[in-house]
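Results of the structural survey
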Amino acid sequence: MENETIIRFGVFLGLFALLATLEALAPRRARSQPRSTRWVTNWSVTVVNTLTLRALAFALPLLAVGAALDAEAQGWGLFNAIALPLWLEVVIVVLIMDFAIWLQHLVTHKVPLLWRLHRVHHADVDMDVTTAIRFHPVEIALSMLLKIGLVYLLGPAAIAVVLFEIILNGTAMFNHSNLALPAWLDRIVRLVLVTPDMHRVHHSVHRHEHDSNYGFSLSIWDKMFGTYIAQPKAGHDDMLVGLEWQDTRPSKLGWSLALPFSRK
Ligand SMILES: [Zn+2]
Ligand SMILES: [Zn+2]
C-alpha cells in the first residue's frame, strides 16, 4: 500500500491531462471566462485540500485506506466477519460507498449549513475538468471523516477502498469536463455512469435542476430515487451554470474559500 498515493496521483494526473486535451479539442459549451483565472483558483483550492487531508492524516494515518487496514487488523466491520470472494466484496463495497457519497451529496443540498460549504463547488460559472477538484477544504475533510466511519463499519479489503477512490475521482473529472459526447454515446454511457450532460443539469442556476442528478459515478441512484432530470430546460447551450447570482468573483481564491461564511 506504500505505492497507493503514487498510483492514485498518477491516475489523477493522467486522466486530468487526457480530459483537458479532449475538452479543448471537442468543447461542449463556449466558456464565459478565460481558463487561466479559474484554473489557478481551482488548482489552488486543490492544493489547500491536499494539505488539509495531509494535516488530517497526522491524526488518522492513511485516511480511508488506512481505516480499512486498521479495521482488518482489529477484525472490525461487516466484511471482516463474513467470507466472500474478493471480487464480489470489491463490487459490493464500491456500490455501497458510491451510494453513500450520493446520499451525502443529497444531504449537502438539503441542510443549509452544509449547502454553504458545498455551494463553493457550484459557484464555478464555467464547468470543466477543474470543477471536479473545486470543493471547500472543510467539505473535503467532513467527507473524509464520513468515509472513514463507513470503512470501519464495512471493514472492506483495502484494495476496494483504493479502487473506489480512483473510480470516484476519475468519473468526477469525466462528468465535469466540458466534453461534447455524441448523443448516442451519451445515451449508452448514461445507462451506468454519470455523463457530462447529466451532471451539467446539476450545476444549473435553477434550484429544482441543481437539486437533481446527485450522482458522481453511477447514474443508477438518481433514477432509482426519482431525482433524475435528463436534460436542462433551457438546453445545454443556453442554460446558466453556477449560483443564481452570476458574476466573476467565484474565480477568485480568497472569495471562494470565504464563501461559506459570507452573508449571501
Ligand atoms: Zn451539488
Ligand atoms: Zn459537480
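This text goes with the structure placed above it.
Just so we're clear, the structure is a prediction, and the values are computed from it rather than from any experiment. (Residues numbered from 1 in each chain as written. Chains lettered and ligands numbered in written order. Predicted model: local features only at pLDDT ≥ 70, side-chain atom pairs only at ≥ 80, totals over all residues. Heavy atoms only, no water.)

So, about the coordination of the zinc ion (ligand 2). Summarising the metal site, the zinc ion (ligand 2) is bound by the protein donors His121 (NE2), His176 (NE2), His199 (NE2) and His203 (NE2), whose distances to it range over 2.1 Å. In this structure, the zinc ion (ligand 2) is surrounded by 4 donor atoms whose angles at the metal cover 88 to 165 degrees, and the resulting shape is irregular. Positions of the donor residues of the zinc ion (ligand 2) along the chain correspond to the pattern H-x54-H-x22-H-x3-H. The distance between the zinc ion (ligand 2) and the zinc ion (ligand 1) is 5.5 Å. (Donors = N, O, S within 2.8 Å, 3.2 Å for Na, K, Ca; no water. Tetrahedral: all angles 85-135°; square planar, octahedral: opposite > 155°, others 65-115°.)

The computed volume of the largest pocket comes to approximately 1200 Å³. Every residue lining the largest pocket is counted, 37 residues in all, and those nearest its centre are Arg8, Leu53, Ile140, Glu165 and Asn169. Secondary structure elements with two or more residues in the lining of the largest pocket: α1 (4-25), α2 (35-59), α4 (86-110), α6 (137-154) and α7 (158-176). For the lining of the largest pocket, the class distribution of residues is 20 nonpolar, 11 polar and 6 charged. The volume enclosed by the second largest pocket comes to roughly 150 Å³. Lining the second largest pocket are Trp115, Arg119, Val205, Arg207, His210, Leu243, Glu244 and Trp245. The set of elements that each furnish at least two residues to the lining of the second largest pocket consists of α5 (112-122) and α10 (207-210). (1 Å grid on protein atoms, 1.4 Å probe; cavity = no way out; pocket = protein on both sides within 12 Å on 5 of 7 lines; lining within 4 Å. Points joined across faces, edges and corners; volume = space filled by probe spheres on them. Helix = DSSP H or I, 4+ residues; strand = E, 2+ residues; numbered from the N terminus. Nonpolar A, V, L, I, M, F, W, Y, C, P; charged D, E, K, R; others polar.)

Another point: the coordination of the zinc ion (ligand 1). Protein ligation of the zinc ion (ligand 1) involves His105 (NE2), His109 (NE2), His118 (NE2), His122 (NE2) and His202 (NE2), the donor distances falling in the range 2.1 to 2.2 Å. Mapped onto the sequence, the donors of the zinc ion (ligand 1) take the spacing H-x3-H-x8-H-x3-H-x79-H.

Moving on, we get to the pattern of salt bridges. Tallying each qualifying case throughout the model produces 10 salt bridges. Between Arg31 and Glu23 there is a salt bridge, and its shortest N-O distance comes to 3.7 Å. For Glu23, a relative accessible area of 2% puts it in the buried group. What emerges from the salt-bridge pattern is a single network uniting Glu23, Arg31, Arg38, Asp124 and Asp128. (Salt bridge = Lys/Arg side-chain N within 4 Å of Asp/Glu carboxyl O. Buried < 20%, exposed > 50% of the residue type's maximum accessible area, 1.4 Å probe, protein only.)

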